[in-house]
Amino acid sequence: MFRRLFHYILFLFIFFNTLILFISCADSVPTLTDVQGRLVLDYSTVESLPETRLSVFVKPSVDVGRASYLEVSHVDSGIVWTINNPYILNASGKNGAGSPFLMPPYYGQFPSGKYNVTYVDMAGYTAQINFTLQNLDEFTSCDSVEKLQQNLSALEVEKKTVIYTEKAGKGTILYFGDPKDDWTDSNKIAESYEKAYSYRDCLFVPTKGLLCLLPPIDVR
C-alpha cells in the first residue's frame, strides 16, 4: 500500500509540475527579434514582365509553432494583408512565420515606405515589428531578364539556386542555396538530385531587399 501511495504522490508531483510548465510557456508574451520583408520578382520567361510578390517572415522569441496569424500593413496608405495560415520555417537558426506570397494591390505595385507587422499567437498575445520597403520601380519595370541584369550590374548580387521535384519550377523544393561548383549544366544538377526535375537561378540583392527568380529550367 505504501508503494501505491508513493507512486500516486509521484504521479501528482509530475503532473502538476508539467501543468505549471505548460501554463508558464503558454503565457509567455512573445517579442519579435527579426523581420525579413523582401520584394520578389518572378520571371516566367526571359522576355516578360515579372509577377511581383512580397515575402514577409518574422522571428518570434517563443516557439514559432504557436503562430496563429499575422497582419502586414503599409503605414501611409493603410493597406492591410492578413496571413491566416502562416508558413512555418524551422531550419536551424532561421525559425520564422509568415508568407512568401503576398500579392500587390489590384491597381498597382507594392508602395514603398514603412510596413508594420503584427504577430498573433494562439493565446491571443501580439507583438509588432517594422520594416521599410525601398522604391524599386527601376527593377519592377524591367520587361526582360536582360534588362533586369543590366540594372543590377552596379549592385552587389548574391546568386542562389532552387531545385524542384517537378518540371517548370513546381513541386517540393529539394534545395535552396549557393550553386555548387560542379553544376556546370543541367545534367550535373540531375545527377546530384535524383528527384530533381527543374531548377531556377535566383538573384538576391541584400541592400535592396530584392529577390529575383529567373525562369525555370527543366533538367529531365
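Okay, so let's go over this structure. Numbering of residues starts from 1 in each chain and follows the order in which that chain's sequence is written. Only residues with pLDDT of 70 or above have their local features reported here, since the model is predicted, and side-chain atom pairs are shown and tallied only from 80 upward, although totals for entire chains, interfaces and linings are computed over all residues. Working from all heavy atoms in the structure, the side-chain values ignore hydrogens and water.

### Some remarks on the pairing of strand S11 (residues 198-205)
- Where burial is concerned, most of S11 is hidden: eight out of the eight residues are buried.
- Buried means the residue's accessible area, taken with a 1.4 Å probe over protein chains only, is under 20% of the maximum for its type, while exposed means over 50%, and partly exposed covers the values in between. Counting from the N terminus, the helices are DSSP H or I runs at least four residues long and the strands are E runs at least two residues long. Along S11, one buried face is formed by Ser198, Arg200, Cys202 and Phe204 and the opposite face, lined by Tyr199, Asp201, Leu203 and Val205, is buried too.
- At least two DSSP bridges between two strands are required for those strands to pair. Bridging between S11 and strand S13 (residues 217-218) involves two bridges; their strand directions are antiparallel. Across the sheet, residue Ser198 finds its bridge partner in S13, namely Asp218.
- Summarising the sheet, S11 and strand S12 (residues 210-213) pair through four bridges and their orientation is antiparallel. From the neighbouring strand, Phe204 faces S12, where its bridge partner is Leu211.
- What sits between S11 and S12 in their antiparallel hairpin is a turn of four residues, with Gly209 showing a positive phi close to 65°.

### Points about a negative patch on the surface
- Together, Asp181, Asp182, Asp185 and Glu191 give the surface a local cluster of negative charge.
- Along the chain, Glu191 falls in helix H4 (residues 186-192).
- Among the residues examined, Glu191 registers a relative accessible area of 60% and is labelled exposed. Residues forming no salt bridge and having over 30% relative accessible area are the ones grouped into patches, like charges within 9 Å of each other and nonpolar side chains (Val, Leu, Ile, Met, Phe, Trp, Tyr) within 5 Å. Residue exposure ignores everything except the shown protein chains as possible cover, and the areas themselves are Shrake-Rupley values with a 1.4 Å probe. Salt bridges, as used here, are contacts in which a Lys or Arg side-chain nitrogen is within 4 Å of a carboxyl oxygen on Asp or Glu. Neither His nor the chain ends is counted toward charge; the positive residues are Lys and Arg and the negative residues Asp and Glu. A single reference atom marks each charge: NZ on Lys, CZ on Arg, CG on Asp, CD on Glu.

### Points about the pairing of strand S7 (residues 113-121)
- Among the nine residues in S7, eight count as buried, and that is most of the element.
- In terms of strand pairing, strand S3 (residues 67-74) meets S7 through seven bridges, oriented antiparallel. Bridge pairing in S7 places Leu70 opposite Tyr119.
- The pairing of S7 with strand S8 (residues 126-133) spans eight bridges and is classified as antiparallel. Opposite Thr118, over in S8, you have Gln128 as the bridge partner.
- Hairpin connection between S7 and S8: a loop of four residues separates the two successive antiparallel strands, and Gly124 in this loop has a positive phi of roughly 90°.

### Some details on the sheet that holds S8
- With antiparallel pairing, four strands are arranged side by side in an open sheet as S4-S3-S7-S8. Whereas interior strands pair on both sides, the edge strands pair on one side only; in this sheet they are strand S4 (80-83) and S8. Put simply, the sheet's adjacent strands are angled 20° from each other on average, direction ignored. Interaxial angles span 0 to 180 degrees and are taken between N-to-C directions of axes, which are lines fitted to C-alpha atoms, for helices over the stretch in contact.

### With respect to the pattern of salt bridges
- Under the criterion given, the structure shown has eight salt bridges.
- A salt bridge links Arg53 to Asp42; the shortest N-O distance between them is 2.9 Å. Of this pair, Arg53 sits in strand S2 (residues 51-60) while Asp42 sits in strand S1 (residues 32-42), and the two are eleven residues apart along the sequence.
- Taking the relative accessible area as the measure of exposure, Asp42 reaches 15% and is therefore buried.
- Across the pair Lys160 and Glu158 runs a salt bridge, and its minimum N-O distance is 3.9 Å.
- Salt bridges linked by common partners bring Asp42, Glu51, Arg53 and Arg200 together as one network.

### Comments concerning the packing of aromatic side chains
- A pair of aromatic rings is counted whenever rings of Phe, Tyr or Trp (Trp by its six-membered ring) have centres within 6.5 Å, and the orientation is called stacked for planes under 30 degrees apart, edge-to-face for over 60 and tilted otherwise. Per the counting criterion, the structure on display carries seven aromatic pairs.
- Measuring from ring centre to ring centre gives 6.1 Å for Tyr175 and Tyr193, while their planes differ by 40°; the resulting arrangement is tilted. You can see Tyr175 sitting in strand S10 (residues 170-177) and its partner Tyr193 sitting in the loop between H4 and S11, a full 18 residues away along the chain.
- Residue Tyr175 is classed as buried on the basis of its relative accessible area, which comes to 14%.
- Among the aromatic side chains, those forming a connected cluster through ring pairs are Trp81, Phe110, Tyr115 and Phe131.
- Sitting over the ring of Tyr197, Arg220 keeps its end group 5.5 Å from the ring centre. Distance and angle both matter: a charge sits over a ring if NZ of Lys or CZ of Arg is within 6 Å of the ring centre and within 35 degrees of the ring normal.

Keep in mind these values describe shape, not function.
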